[in-house]
Amino acid sequence: MALLFDLPAAPAVPVVGSDAAYPVRRVFCVGRNYAAHALELGNAVDREAPIWFTKAPSAICLSGADIPYPPGTDNCHYEMELVVAIGTPAFRVVPEAALDAVFGYACGLDLTRRDLQNAAKGKGYPWDTGKDFENGAVIAAITPAAQFAVEGQRIALARNGAVKQEGVLSDMIWSIPELIADLSCMYHLQPGDLIYTGTPAGVGPVVPGDLLEGSIEGLEPLHLTISAAE
Ligand code: MN
């Protein structure tokens with residue numbers, strides 16, 4: 001049957017050392033995965049289960065972009081995160097085998113409309129409008145897994161040259177293998193699935209005119225500028 005109109009192609013992320021890009025199928029995100037960040041937002045730290053939420057692929061924004069300040073918010077926050085890119089199918093995998101499913105790793109920003117998220121949290125409503133919005137999932141080029149191992153690398157974010165977030169990947173409450181194993185019990189993970197793995201302490205607001213620069217040792221850095229709201 002003919003289609004009434006064409007949809008945009010899937011967003012695609014550059015890959016370090018490759019001419020081919022990584023198309024994005026789904027975007028999964030973890031909340032409260034660094035103890036110091038959970039505490040700064042007034043949340044308890046526990047090891048009950050990872051806190052999952054999703055963003056639509058249409059939220060993907062490539063590093064280097066200049067985006068308008070997001071609509072519908074007066075308190076948009078940066079959250080610097082390690083992103084895991086899935087490269088082979090994974091369903092009900094154990095942590096010991098989970099890294100086999102990883103294609104690579106990238107720097108990412110989980111932009112958050114904190115005012116909308118907090119209002120939803122307070123009422124027990126879904127976080128969707130606080131988390132899933134256009135340009136809300138920023139990502140830099142993906143480094144293939146063979147060239148990077150998640151250990152104690154420093155993760156940091158600077159706003160206008162001043163360091164605001166700092167942490168080490170080994171401080172994650174849920175490790176990358178644990179996250180993949182847990183998620184794979186609820187979804188058939190597929191190539192094209194991204195996992196934003198949570199942010200260290202130091203989150204804060206952005207305003208028009210800001211330059212955000214994110215880094216993780218061993219990965220391509222990320223940068224984003226914010227211009228006036230539409
Ligand atoms: Mn986050």
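Above this text sits the structure in question.
The paragraphs below set out a description of the structure included in this document. (Residues numbered from 1 in each chain as written. Predicted model: local features only at pLDDT ≥ 70, side-chain atom pairs only at ≥ 80, totals over all residues. Heavy atoms only, no water.)

1. Re the sheet that holds strand E13 (residues 154-159)
Note: strands within a sheet are paired through backbone hydrogen bonds, in either parallel or antiparallel orientation.
And then number 1: Strand order in the open sheet formed by five strands is E6-E18-E17-E13-E14, and the pairing between neighbours is mixed. Whereas interior strands pair on both sides, the edge strands pair on one side only; in this sheet they are strand E6 (66-68) and strand E14 (162-168). Geometrically, the sheet is characterised by an average inter-axis angle of 20 degrees between neighbouring strands, direction not taken into account. (Pairing = 2+ DSSP bridges. Helix = DSSP H or I, 4+ residues; strand = E, 2+ residues; numbered from the N terminus. Axes fitted to C-alpha atoms, helices over the stretch in contact; angles between N-to-C directions.)

2. Some words on helix H3 (residues 114-123)
And then number 1: All buried positions along H3 are accounted for by Arg114, Gln117 and Ala120. Summarising the axial view, the buried residues of H3 lie within an arc of 130 degrees, below the 170-degree limit, and thus occupy one face. Facing away from the buried side of H3, by more than 90 degrees, are the exposed residues Gly122 and Lys123.
And then number 2: Two residues or fewer past H3, Gly124 is found with a positive phi of approximately 75 degrees. (Buried < 20%, exposed > 50% of the residue type's maximum accessible area, 1.4 Å probe, protein only. Arc of directions from axis to C-beta.)

3. Digging into the coordination of the manganese ion
And then number 1: Around the manganese ion, the protein contributes the donor atoms Glu79 (OE), Glu81 (OE) and Asp110 (OD), at 2.0 to 2.1 Å from the metal centre.
And then number 2: Sequence positions of the residues that donate to the manganese ion give the spacing E-x1-E-x28-D.
And then number 3: For Glu81, a relative accessible area of 0% gives the class buried. (Donors = N, O, S within 2.8 Å, 3.2 Å for Na, K, Ca; no water.)

4. Here we look at the side chain of Thr112
And then number 1: Counting through the fold element by element, Thr112 comes out in strand E10 (residues 112-113).
And then number 2: By relative accessible area, which is 0% here, Thr112 ends up buried.
And then number 3: Not counting chain neighbours up to four residues away, the residues in contact with Thr112 comprise Asn75, Cys76, His77, Glu79, Gln117, Gly130, Lys131 and Phe133. (Contact = heavy atoms within 4.5 Å.)

5. Quick look at the packing of aromatic side chains
And then number 1: Following the criterion strictly, the structure yields four aromatic pairs and no others.
And then number 2: Considering the side-chain rings of Phe53 and Trp127, the 5.5 Å spacing of their centres and the 50 degrees angle between planes classify their relative orientation as tilted. Residue Phe53 is located in strand E4 (residues 51-55), and its partner Trp127 is located in the loop between H3 and helix H4 (128-131); the two are separated by 74 residues in the primary sequence. Per residue, the accessibility class of Phe53 equals that of Trp127, and both read buried. (Phe/Tyr/Trp six-rings, centres within 6.5 Å; stacked < 30°, edge-to-face > 60°.)

6. Let's talk about the sheet that holds strand E16 (residues 204-205)
And then number 1: With antiparallel pairing, the three strands of this open sheet are ordered in space as E10-E7-E16. Edge positions in the open sheet fall to E10 and E16, since each of these has one partner strand only.
And then number 2: The pairing of strand E7 (residues 76-78) with E10 spans two bridges and is antiparallel. Each bridged residue has a counterpart across the sheet, and for Cys76 the counterpart in E10 is Arg113.

7. Quick look at the side chain of Asp110
And then number 1: Looking at the secondary structure, you find Asp110 in strand E9 (residues 102-110).
And then number 2: Among the polar contacts made by the side chain of Asp110, one reaches the side chain of Lys55 at a distance of 2.7 Å.
And then number 3: Asp110 has contacts with Phe53, Lys55, His77, Tyr78, Glu79, Glu81, Lys131, Gly136 and Tyr196, leaving out every residue within four places of it along the chain. (Polar contact = N/O pair within 3.5 Å; in protein donor to acceptor, adjacent residues only side chain to side chain.)

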